[in-house]
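Listed here are the chains, written in short residue letters.
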Amino acid sequence: MNNIAQRDAFWNRIYDIAAQDRNVILISADMGAPSLDKYRKDLPAQFVNVGIAEQNAVLIGSGLALKGKKVYLYAIAPFITLRCLEQIRVECSIMNIPMTIVGVGAGMSYQDSGPTHHVLEDITIMRSMPNITIHNITDSVMASEVAGMSYNIKNTTYVRIDREVFPDIYSPDTDFRTGAAVVKKGEDCYLLTTGCMTHAALHAVKRLEQKNIHVGIIDIYTFPINEEFLLETLKGARKVVSIEEHFLPGALGSAVGELILDNDMPIKLKRLGIRHAKGFCYKYGGRETIREFYGLDRESLDREIELFLTD
Amino acid sequence: MTADISSLKNKSYELRKMVLDMCIKAETGHVTSSLSSVDIMVALYYGGILKYDTENPHWADRDRFILSKGQASPLLYTVLADAGFFDPSELDRFAQRDGIFGVHLQWDVPGVELTSGSLGHGFGVAAGIALGAMMDKDLFMVFTLLGDGECYEGSIWETAMFAAHNNLNNLVAIVDRNYLCVTDFTENIVALEPMEDKWRACGWNVKRVNGHSIKDILEALAFVRSRRSHKPLVLIADTVKGEGIDCLTNDPIWHGQAPKGKDAEAARVCLLMRQNDE
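Counting its regular elements, chain A contains 12 helices and 12 strands. In terms of overall dimensions, chain A is globule-like: its C-alpha atoms have a radius of gyration of 19 Å, near the 19 Å expected for 311 residues. Looking at chain A residue by residue over its 311 residues, the buried ones come to 51%. Expressed as a percentage of contacts within chain A between residues at least 6 apart in sequence, the contacts between residues at least 24 apart total 78%.

Structure (structure tokens):
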């Protein structure tokens, strides 16, 4: 497993694609990356820096896409989704102009940069709009494969990239069009995770197994969620715990709750994520410290999962 | 430029009447926002400026016209119907149950490039198309019509700087400077003047014209395809909101609505009197 940054895995793949097709255009809102230096040097005509102007990034990207270009927008996640939200709504959602929006800094992965750089609302907001697909990236293999898929998109895709380097858990032959995967087989209990919390869940499951508590993991990395896949996979399941580094209203746990309600599934759901009552976090000292503040740290996860599954 | 100014003036009155009738019938539509732009649109669509093909709205080499002030959709729909993009009987169904378009601009109507109504969008998309055209060495031009109130949107200035920096001299912006916003005159809200200085400071070629003189507009755009400057061009077109119908002008109350009853009759009479005075 190569264990490189998700961002670099994504841009390395786009470099290879762009080198073959001059219609691939990357628009940066003054955001760089070591993996982009090569792109900028070798393909300068396919690199547009709009400056720190995310609204204009979406507008210029829309014009280029209408002209037949394959457009990639790149900036820090909260800025390239929320600062230009109304541009995304009109051009990408209403008009269905396709582009790939690449946001770096999923959840609290900007750690000590604080709440302006954390993004805990974007999945809720982006999934509320028609014609937008979200890929919440789990590892560098997925980042690379999603980059490959992005070349042929028919509607706008938001690629949500984590800054932390995690161990790769997927193999390159995975079909990521499924939008969700059983990372660990379970029987009647599953942890339903997205992005970085899939890794947290893998650790939690190991600890729980020492206590003879067995639970599977399904990584839900695409929104809208693949209902058909989940209905089939969760057949016979009794309890599920959704785990996300995101505000609770409207995101993963809500999507799972909607699935259970709409399909009258006999499943108990526990949602773990960030409650609005906790507000924004001005604690420093790394991601785990911030997770402690929000009750998403290792001990809290173990306790909450164990309590729910053994109840 | 072979267009005969007096016949273009007649076209302006004809279009004003069509816009007024359409909105009165529908009991909605931004009449006054449309009226301030009529002479600009006549110059573009009937004065030989824009290249378009009514039989092939998606013709790859067409000039792009992006109506950024999407509230003037009654005017663009009227022009497109009159030019032959679709059956003019559609105008009778404006904002009706069985109609194909409503109060704000909709991109899937033949001849329309972009959905608009939310302001500060069309200009940026126009710049994006212009950039794409430069990358592909296309020869078509991109024209976009902005409202002056739209220039309060910050995204306008993000795009203005970008377009100049990237030498988009295939992009022409026209600002319909009618001085009126939704609730008040622009200079009472937050002053927009000096408009020319703002655009010039962003790196644009600026021309200020009388937006109701078709002749002036045509002269300003006469050599638009062979400009030597690398800068994009903006025309600040001084206009009157509601131009042509005196009883609807210079009063913010008429923003975003069609006159009804006696007001509708008065508006029709005003337009007729103005035409007879010329």
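Bringing the overall build of chain B into the picture now. For chain B, the count of helices and strands is 10 helices and 5 strands. Here the C-alpha radius of gyration of chain B, 18 Å, is about what a compact globule of 278 residues would show, namely 19 Å. The dimensions of chain B, computed from C-alpha atoms along their principal axes, are 50 × 45 × 35 Å. Taking all 278 residues of chain B together, the buried fraction comes to 50%.

Residues and elements named next belong to chain B. Taken in spatial order, the 5 strands line up as β1-β2-β3-β5-β4 in an open sheet, and their pairing is parallel. Taken across any chain shown, the strands that pair with only one partner, and hence form the sheet edges, are β1 (64-67) and β4 (205-210). On average, each strand axis in the sheet is tilted by 20° relative to the strand beside it, whichever way the strands run. Two elements, strand β2 (residues 142-147) and strand β3 (residues 171-177), share 6 bridges in a ladder whose sense is parallel. Across the sheet, the residue bridging to Gly147 is Asp176, located in β3.

The interface of chain A with chain B comprises 20 residues on the first partner and 18 residues on the second. For the side of chain A that touches chain B, the residue count by class is 10 nonpolar, 6 polar and 4 charged.

Our focus in this paragraph is the nonpolar core. Grouped together as the largest cluster of nonpolar side chains are 181 residues, with contacts concentrated most on Ile27(A), Ala57(A), Ile60(A), Leu73(A), Leu191(A) and Ala127(B). Among the elements that take part in this core, helix α5 (residues 122-135) of chain B stands out by supplying 8 residues, more than any other. Those residues in contact with Leu73(A) that lie beyond four places of it in its chain are Ile27(A), Ala57(A), Val58(A), Gly61(A), Ile80(A), Met99(A), Ile101(A) and Val102(A).

Time to look at the sheet that holds strand β2 (residues 47-49) of chain A. All names here are of chain A. One open sheet holds the 7 strands; their spatial order is β2-β1-β3-β4-β6-β5-β10, and the pairing between them is mixed. What marks the edges here is a single partner per strand, and that holds for β2 and β10 (222-223). As defined by bridge partners, strand β5 (residues 132-136) adjoins strand β6 (residues 156-161) across 5 bridges and the pair is classed as parallel. Paired with Ile134 across the bridge in β6 is Tyr158.

Our focus in this paragraph is the pairing of β2(B). Residue and element names in this part refer to chain B. In terms of residue burial, β2 counts as a mostly covered element, since 6 of its 6 residues are buried. Side chains of β2 alternate between two faces, with Val142, Thr144 and Leu146 and Phe143, Leu145 and Gly147 buried alike. Two strands pair when backbone bridges link them, and β1 and β2 are joined in this way by 4 bridges, in the parallel orientation. Paired with Arg64 across the bridge in β2 is Val142. You can see the chain leave β2, run along helix α6 (residues 154-165) and come back into β3, and the turn it takes is right-handed.

Now for helix α11 (residues 287-294) of chain A. All names here are of chain A. Turning to α11, its buried residues number three or more, namely Arg287, Ile290, Arg291 and Tyr294. All buried residues of α11 project into a common sector of 100° when viewed along the axis, lining one side. Check the buried side of α11 and you find it contacts β12 (268-274). The positive-phi residue at the C-terminal boundary of α11 is Gly295, with phi of around 75°.

This part takes up the pairing of strand β8 (residues 189-193) of chain A. Residues and elements named next belong to chain A. Buried residues dominate β8, accounting for 4 of its 5 residues. Sheet topology places β8 next to strand β9 (residues 216-220); 4 bridges connect them, and they run parallel. Of the residues in β9, the one forming a bridge with Leu191 is Ile217. Between the parallel pair β8 and β9, the chain is carried across by helix α8 (residues 196-210), and the sense of this crossover is right-handed.

Now for unusual backbone geometry. All names here are of chain A. Geometrically, the link from Phe223 to Pro224 is a cis peptide bond, its omega value of 0° lying close to zero. Positionally, Pro224 belongs in the loop between β10 and α9 (227-233). Here the phi dihedral of Asp30 falls at roughly 55°; this positive angle occurs in a residue that is not glycine. Among the residues examined, Asp30 registers 13 C-beta atoms within 10 Å and is labelled partly exposed. For Gln111, which is not glycine, the phi torsion reads 40° and is therefore positive. If you trace the backbone, Gln111 turns up in the loop between β4 (100-104) and α6 (122-127).

Rules and cut-offs
Residues numbered from 1 in each chain as written. Chains lettered and ligands numbered in written order. Predicted model: local features only at pLDDT ≥ 70, side-chain atom pairs only at ≥ 80, totals over all residues. Helix = DSSP H or I, 4+ residues; strand = E, 2+ residues; numbered from the N terminus. Rg over C-alpha atoms; globule rule 2.2 N^0.38 Å. Buried ≥ 20, exposed ≤ 12 C-beta atoms within 10 Å, placed from the backbone. Contact = placed C-beta atoms within 7 Å. Pairing = 2+ DSSP bridges. Axes fitted to C-alpha atoms, helices over the stretch in contact; angles between N-to-C directions. Nonpolar A, V, L, I, M, F, W, Y, C, P; charged D, E, K, R; others polar. Core = buried A, V, L, I, M, F, W, Y, C linked by C-beta atoms within 7 Å. Right-handed = clockwise from strand over helix to strand, strands pointing away. Arc of directions from axis to C-beta.

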